[in-house]
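# Residue-level structural notes
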Amino acid sequence: MTTESTLALPVGTTLDRFIMRQQESFAYAKGELSQLLRDIALASKIVGREINRAGLTDITGAFGRDNIQGESQQKLDVIANIRFKRALINGGEVCGILSEEEDDIIQTNNYNGKYVVAIDPLDGSSNIDVNVSIGTIFSIYRRVSPIGTPATFEDFMQGGRRQAAAGYILYGSSTVMVYTTGKGVNCFTYENSLGEFFFSNANIQMPVTGKIYSINDAYYDEFAPSIKSFIADMRVSSGAMARYIGSLVGDFHRNLLKGGIYLYPPTQKAKEGKLRLLYECYPLALILEQAGGRAIDGTQNILDIVPTKVHQRCVAYLGSKNLIDDLEQRVLNV
Ligand code: P6P
């Protein structure tokens, strides 16, 4: 499906219909990736329902255990993890899963599955109890290990440019699914009463610049001079807006549509950056590249970072091209 044909699609096209049409433009597609995207959409509908009822059932608050990241797991983190694992395992298209909530790669025993998925089942979960938008972020790779065998570490270590698809679901004032398979970024809005995602935003192009900057100002004193000078100039630029909700998917989606930049520099507590490379930064970096934005760690495009560990972290500057170009010059010309 070309960009023009995407633009021609009427709103009212379901995600299923869109996936089927897009599959036609992939010569050798046999439907596995299409089915995998449907499996992710199904899990997100179930997780979205749990989130919307969180205050009515005893699923808010802490689960009482820390994950491998050393973060206190929220009950909904655990529920979302279970739901996405179950959908991916039962869907049969995935031979392995890497989840933020699990120490090691999960073998699905679908040895004929052609894909692996790296996923943050529910990002921003500290916001769950206070009703702030949260999200799921996913990254899909074609396996490099032989069909008919278990998934391997190497299947997940292919690097950001080898992603077959990447996207996120934002559980906000409405629930949207945004993803790319390398042919543009499209957005689908969930219609609760019908249980369907409907095509709502074609071939998203990020504004080349913007007035919004998203950063945790509490760490300001720990930032490098280049970051401080960038923030200082953002603050004095006309119409500047500081917007940071502590939920990456929410901040990212707003900036993607309106233009802006999200910054997570090195801090005392997170010297290598806080965000995770495989299931946060790589997928969002691919979305940005497809939408005309940029994603860097300060010195290189995030998609070019060579992965070495499954829960590897990285510094992240995600945003409009001109803002990232400006920041990059300041960091490189220190
Ligand atoms: P801080 C949530 O834990 C998260 O990974 C992102 O969703 C969010 O943008 C960031 O961390 C918030 O981190 O250190 O500002 O609380």
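Here the structure is a predicted model, which is why all the values come from computation and not from measurement.

### Topic: the domain arrangement of the protein
Under the domain assignment, the protein is made up of domain 1 (4–201) and domain 2 (212–332). Taking both sides of the interface into account, the surface hidden between domain 1 and domain 2 amounts to around 2900 Å²; carbon and sulfur atoms contribute 62%. Counting across the interface, domain 1 meets domain 2 through three salt bridges. Notably, a salt bridge pairs Arg161 with Asp304, separated by 2.6 Å at the nearest N-O pair. Where domain 1 meets domain 2, there are 13 residue pairs in polar contact (both at pLDDT 80 or more). For the side of domain 1 that touches domain 2, the secondary structure elements donating two or more residues are strand S3 (94–99), strand S5 (115–123), strand S6 (134–142), helix H5 (153–156), strand S7 (163–171), strand S8 (175–180) and strand S9 (185–191). When residues in the side of domain 1 that touches domain 2 are grouped by element, the largest group, seven residues, is from S6. Residues of the side of domain 1 that touches domain 2, tallied by class, amount to 22 nonpolar, 17 polar and eight charged.

### Quick word on the sheet that holds strand S15 (residues 316–319)
Read across the open sheet, the five strands follow the order S12-S11-S13-S15-S14; overall the sheet is mixed. Sheet topology places strand S12 (241–242) and strand S14 (294–296) at the edges, where each strand pairs with a single neighbour. Where S14 and S15 come together, three bridges link them in antiparallel fashion. By the bridge assignment for S15, Ala295 is matched with Leu318. Running over the sheet, helix H8 (residues 277–291) touches S14 and S15 and is turned about 30° from S15.

### Overview of the sheet that holds S3
Strands sit in the order S4-S3-S5-S6-S7-S8-S9-S10 across an open sheet of eight strands; the sheet is mixed. Both edges of this open sheet fall to strand S4 (106–107) and strand S10 (196–201), since each of them pairs with a single strand only. Of the strand pairs in this sheet, S8 and S9 are connected by five bridges, and their pairing is antiparallel. Each residue of the ladder has a partner; that of Val176, found in S9, is Thr189. Helix H7 (residues 248–258) contacts S5, S6, S7, S8, S9 and S10 of the sheet and is inclined by roughly 105° relative to S7.

### Some remarks on unusual backbone geometry
Positive phi, close to 70°, is recorded for Asn109, a residue that is not glycine. Considering the arrangement of structural elements, one finds Asn109 in the loop between S4 and S5. By relative accessible area, which is 53% here, Asn109 ends up exposed. In this model, Asn203 sits at a positive phi of 45°, which is unusual for a non-glycine residue. Structurally, the position occupied by Asn203 is in the loop between S10 and strand S11 (212–214). Among the residues examined, Asn203 registers a relative accessible area of 17% and is labelled buried.

Reading the values: rules and limits
- Residues numbered from 1 in each chain as written.
- Predicted model: local features only at pLDDT ≥ 70, side-chain atom pairs only at ≥ 80, totals over all residues.
- Heavy atoms only, no water.
- Domains from an automatic or database assignment.
- Buried area = accessible area lost by both parts, 1.4 Å probe.
- Salt bridge = Lys/Arg side-chain N within 4 Å of Asp/Glu carboxyl O.
- Polar contact = N/O pair within 3.5 Å; in protein donor to acceptor, adjacent residues only side chain to side chain.
- Helix = DSSP H or I, 4+ residues; strand = E, 2+ residues; numbered from the N terminus.
- Nonpolar A, V, L, I, M, F, W, Y, C, P; charged D, E, K, R; others polar.
- Pairing = 2+ DSSP bridges.
- Contact = heavy atoms within 4.5 Å.
- Axes fitted to C-alpha atoms, helices over the stretch in contact; angles between N-to-C directions.
- Buried < 20%, exposed > 50% of the residue type's maximum accessible area, 1.4 Å probe, protein only.

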